[in-house]
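Breakdown of the fold
So you can see what is in the structure, the chains are spelled out below.
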Amino acid sequence: MKLFAPFQKLVLISLAVWVVHIVLRVLLLFRSNPYGFPFVSKPDWFIFHAVCIDFMWIVNALVVFVALGALVALLVSKIKPDSKTAVGQKVAKVTAVFYAVFHSAILLLTLLDNETQRFLGGHLTFGLVDTYKDTSSIIVFYDYVANDLSVPYLQFVVLLLMLPAAYGLYRLFCKWYRPRTSCADSSCESRFYVKKSVIAMLVFYIASYLFVYFIWTGNARMTKLRPVVSLIYRDLFESKTAQGLSEADLSTYRMAYQNLWQKVEGDSSWQFVDGDAGNHLPLYRVPTQALLQSEKLAAQREMRPNFILVLMESQRGFNTGYMNPQIQPSPTPFMDSLAAHSHVWMRMHTSGVPTTGGVLSTHIGIPHHSRLAQATDLAHVTLPSFVSVLTENGYSTHYMSAADPAWDNLGVWMSKWYTQQHYNREREDDSTFMDNAIEYVRDTLAKSGKPFLATLMTRSNHYPFNFAAGMTDEEKNRPLQERINVTMGYADRQLARFIRAVENEEWYKNTYVIVMADHGFPLGENGVSTMNGGGFSNVSWIPFMIHGEGLDATRDTTTAAQIDIAPTVLELAGFAVPNIFMGHNLLRADTVQLGLSLGAYSGYSAIGLDGYRFVAKYPSFDETYLFADGDTRQEHELLAGSSAPSDGVQKEGVYLKATLDTLIKISDYSLEKGL
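This one's a predicted model, so the numbers in the text were calculated from it and none came from an experiment.

1. As for a positive patch on the surface
On the surface, Lys9, Lys90, Lys93 and Arg171 cluster together into a positively charged patch. Within the element layout of this structure, arginine 171 appears in helix H6 (residues 154–176).

2. Topic: helix H17 (residues 410–417)
Count 3.6 residues to each turn of an α-helix, and residues three or four apart come out pointing the same way. For H17, the full list of buried residues reads Leu410, Gly411, Trp413, Met414 and Trp417. Viewed along the axis of H17, the buried residues span an arc of 160°, placing them on a single side of the element. Next to the buried residues of H17 lie helix H14 (355–364), helix H15 (374–377), helix H16 (386–392), strand E6 (396–401) and strand E7 (420–422).

3. Describing the sheet that holds strand E13 (residues 597–600)
Reading across the sheet, the 4 strands line up as E13-E14-E15-E16 and stay open at both edges, with antiparallel pairing between neighbours. Taken across any chain shown, the strands that pair with only one partner, and hence form the sheet edges, are E13 and strand E16 (624–628). Between one strand axis and the next, the sheet turns through 10° on average, direction left out of account. Bridge analysis of strand E15 (residues 612–617) against E16 gives 5 bridges, and the strand direction is antiparallel. Each bridged residue has a counterpart across the sheet, and for arginine 613 the counterpart in E16 is phenylalanine 627. Helix H23 (residues 647–673) rests against E13, strand E14 (604–609), E15 and E16 of the sheet, and its axis sits at about 120° to E14.

4. Overview of the sheet that holds strand E3 (residues 306–312)
Taken together, the 8 strands give an open sheet; going across it, the order is E7-E6-E8-E3-E9-E10-E4-E11, and neighbouring strands pair in mixed fashion. The sheet is open, and its two borders are formed by E7 and strand E11 (554–556), each paired with just one other strand. Here the average twist between neighbouring strands, direction ignored, is 15°. Judged from the 2 bridges that link them, strand E4 (residues 343–345) and strand E10 (residues 544–547) form a sheet pairing that is antiparallel. Pairing of valine 344 across the sheet is with methionine 545, part of E10.

5. Describing the pattern of salt bridges
Taken as a whole and assessed by the stated rule, the structure comprises 17 salt bridges. One connected set of salt bridges, linked through shared partners, spans Arg31, Glu115, Arg118 and Asp148.

6. Points about the side chain of threonine 376
Take threonine 376: it is sitting in helix H15. Those residues in contact with threonine 376 that lie beyond four places of it in its chain are Gly127, Asp130, Thr131 and Asn409.

7. Here's the deal with the pairing of E3
Burial of E3 is extensive: 7 of the 7 residues sit out of reach of the surface. Every second residue of E3 is oriented toward a common face, with Asn306, Ile308, Val310 and Met312 on one face and Phe307, Leu309 and Leu311 on the other, all of them buried. Bridging between E3 and strand E9 (residues 511–517) involves 7 bridges; their strand directions are parallel. Residue pairing in the sheet places phenylalanine 307 in a bridge with tyrosine 512 of E9. In this structure, E3 lies alongside strand E8 (residues 452–457), joined through 5 bridges in parallel fashion. Residue isoleucine 308 lies in a different strand from E8, and its bridge partner there is alanine 454.

8. Some remarks on helix H22 (residues 565–573)
Of all 9 residues in H22, 9 are buried; the element is thus mostly enclosed. The positive-phi residue at the C-terminal boundary of H22 is glycine 574, with phi of around 90°.

9. Quick look at the packing of helix H1 (residues 8–29) against helix H2 (residues 44–79)
Angle between the axes and distance between the axes are the two parameters that describe a pair of packed helices. For the pair H1 and H2, the least separation of the axes is 9 Å and the interaxial angle reads 150°. Between H1 and H2, the angle falls in the class roughly antiparallel. Relative to H2, H1 is oriented so that their crossing is right-handed. Every residue of H2 that contacts H1 at Leu10, Val11, Ser14, Val17, Trp18, His21, Ile22, Arg25, Val26 and Leu29 is listed here: Phe46, Ile47, Ala50, Val51, Ile53, Asp54, Phe55, Trp57, Ile58, Leu62, Phe65 and Val66. Of the residues contributing to the contact of H1 with H2, the split by class is 18 nonpolar, 2 polar and 2 charged.

Reading the values: the criteria
Residues numbered from 1 in each chain as written. Predicted model: local features only at pLDDT ≥ 70, side-chain atom pairs only at ≥ 80, totals over all residues. Heavy atoms only, no water. Patch = residues over 30% accessible without salt bridge, like charges linked within 9 Å, V, L, I, M, F, W, Y side chains within 5 Å. Areas by Shrake-Rupley, 256 points an atom, 1.4 Å probe, with all protein chains shown as cover. Salt bridge = Lys/Arg side-chain N within 4 Å of Asp/Glu carboxyl O. Lys, Arg positive; Asp, Glu negative; His and termini not counted. Charge placed at Lys NZ, Arg CZ, Asp CG, Glu CD. Helix = DSSP H or I, 4+ residues; strand = E, 2+ residues; numbered from the N terminus. Buried < 20%, exposed > 50% of the residue type's maximum accessible area, 1.4 Å probe, protein only. Arc of directions from axis to C-beta. Contact = heavy atoms within 4.5 Å. Pairing = 2+ DSSP bridges. Axes fitted to C-alpha atoms, helices over the stretch in contact; angles between N-to-C directions. Parallel < 35°, antiparallel > 145°, perpendicular 65-115°, else oblique. Left-handed = near helix turned anticlockwise from the far one by under 90°. Nonpolar A, V, L, I, M, F, W, Y, C, P; charged D, E, K, R; others polar.

The following block contains the structure:
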């Protein structure tokens, strides 16, 4: 015991830090998120687990530091046996300093992780840090903090007071725990700390372990309450040692995926090939000779059509007039009028969130990765897109964004596929952004002598939905559910300005205009109010229309997703090339009867198939929801409704669960491996 006696202060540091962590947990669990909704609906179901979890990892850290300090003291004392006591005290002081620095860093990271959860619904990871490492993220974070509907700027107050509070508690504990009797030596002080304190901590540690892992368990709760030290460990070790699919599993999933894809496709114009050219990916398919010789594709290639793809920031199907007539007046009158003359898909879903997920899925035809921050974690992987096909076939391809593509690492991906990127920090409002886009498309691209693709990524309809120029104070102070209608209306007017400025140009007659969203936005529907809170239609149901030559005005109810856009655009361009798109050409027949939607949403995944849409916590499947595909606002849950679900509905839920698991595993594997 005397060997460990000099390290008594580490116990008091641990207790002080634990109290501060309890305060941070209370501020996380009992507050609203920045959007004005409770972070958790039952904080009392979380707080006791949080207190126990934090106590356990702090004690684990204490044991490690005390053991290392005692080992160093023992080794040094053997070298200098005459100064054993002095050596032990010096080593203890150094250990205490390192221990305090360690906990200071963890406290700062914990606060950042808490705010990441409040804003995004997910934990802080190395991939996320790498994604948002750009200095402009700091400015945006300040805007978010200022518009926090819980307590604005509270994060900065906690940041300033957190470490001083921990030190003050430590000093207070030193005073409280000072032995009240005098001793000739330090034996009574040692007995007090080592015996009473350590025994009490050991008892509480055992009780905490039993409570968390045996008495009241819950995987979802444990995931949400995972401490920073566990996150760091997982990022450093578990992610690196994670194994891919076994050969047996890969073979099984390959067959299941390819059979389903062919079933949805409905013809035999494509063949799956397992070879070096496709890096042995299950997704790799090549066109048949019949498709390559298709007169329809030849005619489209002869047209050399232009493409204008407009990605509308946070455009919700819930707030798009033609998709949800219940909302009056419509926030999107121009999109409604354009839809009346376009091929419109009424059941289109995003395949990933937030913007990086939706944009990347749209380009590569594969859902966003279910675990990784794809924009950064997989930036080294070769994943061709429909844009790269157009670029390789003589198109001039340009990515124009009102938001900085470097902010979330999208610029790295766009540079792989596009001829050029366009961004200027002075044109971040959709009005000035569209002015520049009009001028560049009309006066440069249209006169280049090449067919072109211009992709426009808007910004003004972004949380906290007060970015639109000219908003009044009254509009900015409206509830989020109303304020989004103001910014969507503003974005709609800017889209109208762009189309009206170019629609009378001669080249416009040979141009396909595609209007869609990167994702929706959750505003409390289905109990969800964070971007990564689920794959429900509030975040996944988005507008999608194509306007152009040969396309009749149609309200299409085929199930569809962003993974379908890549093969659909290439169909319009007249190209059939080997690819790894998981989606389908939505124009492959006059009336497509069977469709598939698929998406991964950082902790949730969803699939639409056979007239149903299945949403699940992934990969645990702790939460599952089943809706009729036509219930686009998802008001009637079929598995947990007031009446018992029929055998057919239950079987469909089981089938969709297995199918979703297969497809997500296949897509994750393919994204990680690449071509």
